[in-house]
Number of protein chains: 2
Amino acid sequence: MRNIKLTIEYDGTRYLGWQRLGNSEKTIQGKIENILTQMTGTKIEIIGSGRTDAGTHARGQIANFKTDSKMMLAEMIDFLNRYLPRDIVVKKVEEVPERFHARYNATGKKYSYHVWNNEIPSAFERHYSFQFSQELDIDLMNEACRKLIGSHDFIGFSSLKKTKKSTVRTIDELSIQQEGSMLHFTFVGNGFLYKMVRIIMGTLLEIGTGTLELGVIDEVFENKIRSDAGMTVPSQGLFLDEVYY
Amino acid sequence: MRNIKLTIEYDGTRYLGWQRLGNSEKTIQGKIENILTQMTGTKIEIIGSGRTDAGTHARGQIANFKTDSKMMLAEMIDFLNRYLPRDIVVKKVEEVPERFHARYNATGKKYSYHVWNNEIPSAFERHYSFQFSQELDIDLMNEACRKLIGSHDFIGFSSLKKTKKSTVRTIDELSIQQEGSMLHFTFVGNGFLYKMVRIIMGTLLEIGTGTLELGVIDEVFENKIRSDAGMTVPSQGLFLDEVYY
């Protein structure tokens, strides 16, 4: 069987997230599977690199599926982008070795989170950023970023229940870029626990406003208590930018 | 009476354009007037610098209105941004001399038009650009821009019927900036006729693909025949960026 890898961009605003639910019409996975099933004439299930929550976006989500279809790759991408809704775009279609698995083989991910930091909101960024008007101490937040980089048990910065699986993850990059009223946060790491980016973001923002102290990071690493960390920021500021293999 | 000047940003995707129609709920002017009427307790009419079409956006539309309200400017902007839909934002509220008129006093405008020039569409730019996949000769288009700059009778590049009023306008700047797959076109001039930016854009794109020749510009200046110019490109790529006084 052929194994096909998809690189997918989506505006998550209208969707319940990546993962197919009963009502497949409202999920990204469901939408893509429906079109692939039409395209190949057989029921297709796709494997995503991981879930994204309702309202979260992707510039480079990866998925794969198996098919006996003889269709050319160029025809596939044309068919997909013709029939998918315009807020889901397949950027690339590639044939990969049969053992390629979009989730198991992922060695890392890049996410970005965007904060509109101005008391006047933005009409254009409303679905693509968290509009947060409080003043922020960027230097202090950069210091907090440096504390988060490296290998740590991030369970306290996640919405996971206690688990036997390891919750140690490595963050290789966590940086802040300012562009006018926009703050762009970049996260690169070997894996991210459920809601980890959004809880780290909430913690960084609360450190930036002075609500939390810098020391909270080491505390949560040690005591693993979710409620000691910051808020979970809204999903619409979050983008899955890239998956590494 | 006080005269209040508003600087307004809007995402025009959901609206029938700037100008209030019978059903005020679907226009930007109607939305803003409704909130101002609630705010002041008396019926308010606002004067915009000019109309924008359905789907067209603004980063710096200007409007003014007269009121006896004693409300402070800071309260006004808070009230407006609290009750306006999130795709309309008042960026600034200023008190101006009573004779200031948003339309009559405008001395120029800056528009931008955005083209996504790639055969793979963009999930994020779909409401904010014209997705145009044909290959473009940018050098030739730059040459065409230079021919359009200056004072000319632009009636052939507009959807206006013949009129006794002058249809001579001056374009001071018309430039193209490339940023990945996006082409940003900037128009600065003392005034723009109905649909003039969109018809010039269509002409530039058709020159860029070779469908029209460079000479078409001088021809249309001379023969004033709308149908000799290029297509009218879609409204969703167009932004009113700034109004000059």
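An unreviewed UniProt entry lists chain A under the name tRNA pseudouridine synthase A, from Enterococcus quebecensis. Chain A has a UniProt comment under Subunit (unreviewed entry) that states "Homodimer."

**Student:** How would you sum up the relation of the copies chain A and chain B? Please name residues and give values.
**Tutor:** Structural alignment of chain A on chain B gives an RMSD of 0.0 Å, achieved by rotating through 180° and translating 0.0 Å along the axis. Here the two chains are linked by the operation of a two-fold rotation axis. Of every C-alpha in chain A, the one belonging to Phe124 of chain A sits nearest the axis of rotation, 5.5 Å from it. When you check the interface residues of chain A against chain B, 100% turn up at the interface there too, and the contact is symmetric in its surfaces.

**Student:** Describe in detail the packing of aromatic side chains, supporting the description with residues and values.
**Tutor:** A full pass over the atoms with the stated rule returns 22 aromatic pairs over all chains. When the ring of Phe124 of chain A is compared with that of Tyr128 of chain B, the centres are 5.9 Å apart and the planes differ by 85°; the resulting orientation is edge-to-face. Placement of Phe124 of chain A in the loop between strand 5 (108–116) and strand 6 (130–131) and of Tyr128 of chain B in the loop between strand 5 (108–116) and strand 6 (130–131) is noted, with the two residues assigned to different chains. The same class applies to Phe124 of chain A as to Tyr128 of chain B, namely buried. Linked through ring pairs, Tyr111, Phe187 and Phe192 of chain A together constitute an aromatic cluster. Taking the ring centre of Phe124 of chain B as reference, the NZ or CZ of Arg59 of chain A above it sits at 4.6 Å.

**Student:** I'd like a rundown of the packing of helix 3 (residues 138–148) of chain A against helix 4 (residues 196–209) of chain A, residues and numbers included.
**Tutor:** Residue and element names in this part refer to chain A. Between helix 3 and helix 4, the shortest axis-to-axis distance is 8 Å and the interhelical angle comes to 140°. In this structure, helix 3 crosses over helix 4, and the sense of that crossing is right-handed. For the pair formed by helix 3 and helix 4, the contact residues are Leu140, Met141, Ala144, Cys145 and Leu148 on the first element and Ile200, Leu204, Leu205, Ile207 and Gly208 on the second. Of the residues in the contact of helix 3 with helix 4, the class split is nine nonpolar, one polar and no charged.

**Student:** Now, about the side chain of Ser69 of chain B: what can you tell me, with residues and values included?
**Tutor:** All names here are of chain B. Within the secondary structure layout, Ser69 lies in the loop between strand 3 (57–67) and helix 2 (73–83). Reaching out from Ser69, the side chain makes a polar contact with the backbone nitrogen of Met71 at a distance of 3.1 Å. Discounting chain neighbours no more than four positions away, the residues touching Ser69 are Arg2, Thr40 and Met76.

**Student:** Describe the UniProt feature "domain: Pseudouridine synthase I TruA alpha/beta" (unreviewed entry) in chain A, with residues and values.
**Tutor:** Taking the numbering used here, the UniProt-annotated feature "domain: Pseudouridine synthase I TruA alpha/beta" (unreviewed entry) corresponds to residues 8–105 and 144–245 of chain A. Here residues 144–245 of chain A is 26% helix and 30% strand, with 28 Å between the C-alpha atoms at its ends.

**Student:** Describe the UniProt feature "binding site: substrate" (unreviewed entry) in chain A, with residues and values.
**Tutor:** The UniProt feature table records "binding site: substrate" (unreviewed entry) at Tyr111 of chain A. In this structure, Tyr111 of chain A sits in strand 5.

What counts, and at which threshold
- Residues numbered from 1 in each chain as written.
- Chains lettered and ligands numbered in written order.
- Predicted model: local features only at pLDDT ≥ 70, side-chain atom pairs only at ≥ 80, totals over all residues.
- Heavy atoms only, no water.
- UniProt positions renumbered as here; feature names shortened; annotations may be inferred.
- Least-squares fit on C-alpha atoms with pLDDT ≥ 70 in both.
- Contact = heavy atoms within 4.5 Å.
- Phe/Tyr/Trp six-rings, centres within 6.5 Å; stacked < 30°, edge-to-face > 60°.
- Helix = DSSP H or I, 4+ residues; strand = E, 2+ residues; numbered from the N terminus.
- Buried < 20%, exposed > 50% of the residue type's maximum accessible area, 1.4 Å probe, protein only.
- Lys NZ or Arg CZ within 6 Å of the ring centre and 35° of its normal.
- Axes fitted to C-alpha atoms, helices over the stretch in contact; angles between N-to-C directions.
- Left-handed = near helix turned anticlockwise from the far one by under 90°.
- Nonpolar A, V, L, I, M, F, W, Y, C, P; charged D, E, K, R; others polar.
- Polar contact = N/O pair within 3.5 Å; in protein donor to acceptor, adjacent residues only side chain to side chain.

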